Amino acid sequence: MTDLPTPPAPRLAVLGTGVMGETVLAGALASGWRPDDVVATVRRPERAEELAARHGVRTSRDNVEAVRGAGVVVVAVKPKDVGALLAEVHDAVGAGAVVVSVVVGLPTSFYEERLPAGTAVVRVMPNTPSVVGAGVSAVSGGSAADDDDVALVERLLAATGLVVRVAEKDQDAVGALSGSGPAYVFYVIDALAEAGVLLGLTRATALELATATVHGAATMLRETGEHPAIARERVSSPGGTTVAALRRLDAGGVRAAFLDALEAARDRSSELAAALADAPAPRAGTEGAGS
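In this text, all values refer to a predicted model and were calculated from it rather than measured experimentally. (Residues numbered from 1 in each chain as written. Predicted model: local features only at pLDDT ≥ 70, side-chain atom pairs only at ≥ 80, totals over all residues. Heavy atoms only, no water.)

K.L.:
Help me out: how do you make sense of a nonpolar patch on the surface in this one?
P.N.:
Together, Tyr187, Val188, Leu192, Leu249, Val254 and Phe258 make up a nonpolar patch on the protein surface, roughly 540 Å² of accessible area in all. Secondary-structure elements contributing two or more residues to the nonpolar patch are α8 (181–198) and α12 (254–278). In terms of residue count, the dominant contributor to the nonpolar patch is α8 (3 residues). Among the secondary structure elements, Leu192 is positioned in helix α8. (Patch = residues over 30% accessible without salt bridge, like charges linked within 9 Å, V, L, I, M, F, W, Y side chains within 5 Å. Areas by Shrake-Rupley, 256 points an atom, 1.4 Å probe, with all protein chains shown as cover. Salt bridge = Lys/Arg side-chain N within 4 Å of Asp/Glu carboxyl O. Helix = DSSP H or I, 4+ residues; strand = E, 2+ residues; numbered from the N terminus.)

Right, dumping it as structure tokens:
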């Protein structure tokens, strides 16, 4: 557990408690925020009971009540709901509050245009392994966010895994690589396991081997700091089985396919953000956001 920020951790409001919202909430608690200093908004009473039992935090169906007096406000709703949510809480966002977006695609300028002038906004692109403390989160400060604001958000996310600071212009690329990246890895593991089954292994054994192999290879790179090309060469004996397999992957255009996939994800993120930015400003009054 990391030390509490100095001065003491500000009150935290988490608007939206789906997977990412609850992940940030749990990470904050692991980083030193007290349950009494955290409030999460929900739509369903049963979800409120789950969060209270699991984390000991207060819950509310009232976004305005949750935001009023909060020093950090985490926005973790669906992209299409952000505009209405910001209109609803606009007058409740206090001076000096830091608004944290974990919403894919939306730039800090989208928030700055819809919040009180001078509000510090920090954009975060987390990924799903953050749920188990093995995630990656990239953070970028908006025009009004200073180094202390970004550092506070980094501390908020510290228990969820790796946290890196990037320029906001790179957020769509980060989303394409690490944000969507777990899905690519799951895809590869599934393909490896399926191939193992076709070679005669049981499905359970093939999946266990594929999962452990990917985990082991990634751990090896993290711990050795070796470039993956060099690590690959260490496994590839001249004229051996690994070389024969890699040759087939190259012939199948796997490397080029990954490039195409990341470009498609990056471009789609930009398209979604542009569509939301061009949409008419919604009216206030959306009910408590969350799961």
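K.L.:
So what exactly am I meant to see when it comes to the packing of helix α1 (residues 19–30) against helix α2 (residues 45–55) here?
P.N.:
Axis angle and axis distance: for two packed helices, these are the angle between their axes and the distance between the axes, and together they describe the pair. Close contact between α1 and α2 brings their axes to 12 Å; oriented N to C, the two are set at 25 degrees. Judged on the interaxial angle alone, α2 and α1 are roughly parallel. Remark: the crossing between α1 and α2 carries right-handed chirality. Contacts from Glu22, Leu25, Ala26 and Leu29 in α1 reach Arg47, Leu51, Arg54 and His55 in α2. By residue class, the composition of the contact of α1 with α2 is 4 nonpolar, 1 polar and 3 charged. (Axes fitted to C-alpha atoms, helices over the stretch in contact; angles between N-to-C directions. Parallel < 35°, antiparallel > 145°, perpendicular 65-115°, else oblique. Left-handed = near helix turned anticlockwise from the far one by under 90°. Contact = heavy atoms within 4.5 Å. Nonpolar A, V, L, I, M, F, W, Y, C, P; charged D, E, K, R; others polar.)

K.L.:
Where do I start with the pattern of salt bridges in this structure?
P.N.:
For side chains bearing opposite charge, pairing can occur when the charged atoms are close. Considering all chains together, one arrives at 16 salt bridges under this definition. Two residues, Asp81 and Lys80, come together in a salt bridge whose shortest N-O distance is 3.2 Å. Among the ionic pairs, Arg234 bridges to Glu226, the shortest N-O distance being 2.6 Å. On the basis of relative accessibility, which here comes to 62%, the residue Arg234 falls in the exposed class. When salt bridges that share partners are traced, they join Glu22, Arg47, Glu50 and Arg54 into one network. (Buried < 20%, exposed > 50% of the residue type's maximum accessible area, 1.4 Å probe, protein only.)

K.L.:
Any chance you could explain helix α6 (residues 147–157) here in plain terms?
P.N.:
An α-helical turn contains 3.6 residues, so a residue and the one three or four places further along point in the same direction. Every buried residue of α6 is accounted for by Asp149, Val150, Leu152, Val153, Leu156 and Leu157. Seen from one end, α6 has its buried residues packed into an arc of 155 degrees, which puts them on one side. Structurally, the start of α6 carries an N-cap: the backbone nitrogen of Asp148 is 3.1 Å from a side-chain oxygen of Asp146. (Arc of directions from axis to C-beta. Polar contact = N/O pair within 3.5 Å; in protein donor to acceptor, adjacent residues only side chain to side chain.)

K.L.:
Sorry, what's going on with empty space enclosed by the protein here?
P.N.:
Sizing a probe to match a water molecule and rolling it over the atoms shows the empty space that remains. All told, the structure shown has 1 cavity of 30 Å³ or more when counted by the stated rule. Along its surface, the largest cavity is lined by Leu15, Val73, Val75, Leu86, Val89, Val93, Val99 and Leu115. The set of elements that each furnish at least two residues to the lining of the largest cavity consists of β4 (72–75) and α4 (79–89). Looking at the lining of the largest cavity residue by residue, the classes come out as 8 nonpolar, no polar and no charged. (1 Å grid on protein atoms, 1.4 Å probe; cavity = no way out; pocket = protein on both sides within 12 Å on 5 of 7 lines; lining within 4 Å. Points joined across faces, edges and corners; volume = space filled by probe spheres on them.)

K.L.:
What should I look at first to understand the packing of α8 against helix α9 (residues 203–224) in this one?
P.N.:
Where α8 contacts α9, the axes come no closer than 8 Å and their chain directions differ by 140 degrees. Comparing their axes, α9 and α8 come out oblique. In this structure, α8 meets α9 at a crossing whose hand is right-handed. Residue-level inspection shows Val185, Ile189, Leu192, Ala193, Glu194, Gly196 and Val197 of α8 in contact with α9, the latter providing Arg203, Ala206, Leu207, Ala210, Thr211 and Val214. Here the residues of the contact of α8 with α9 are counted per class, giving 9 nonpolar, 2 polar and 2 charged.

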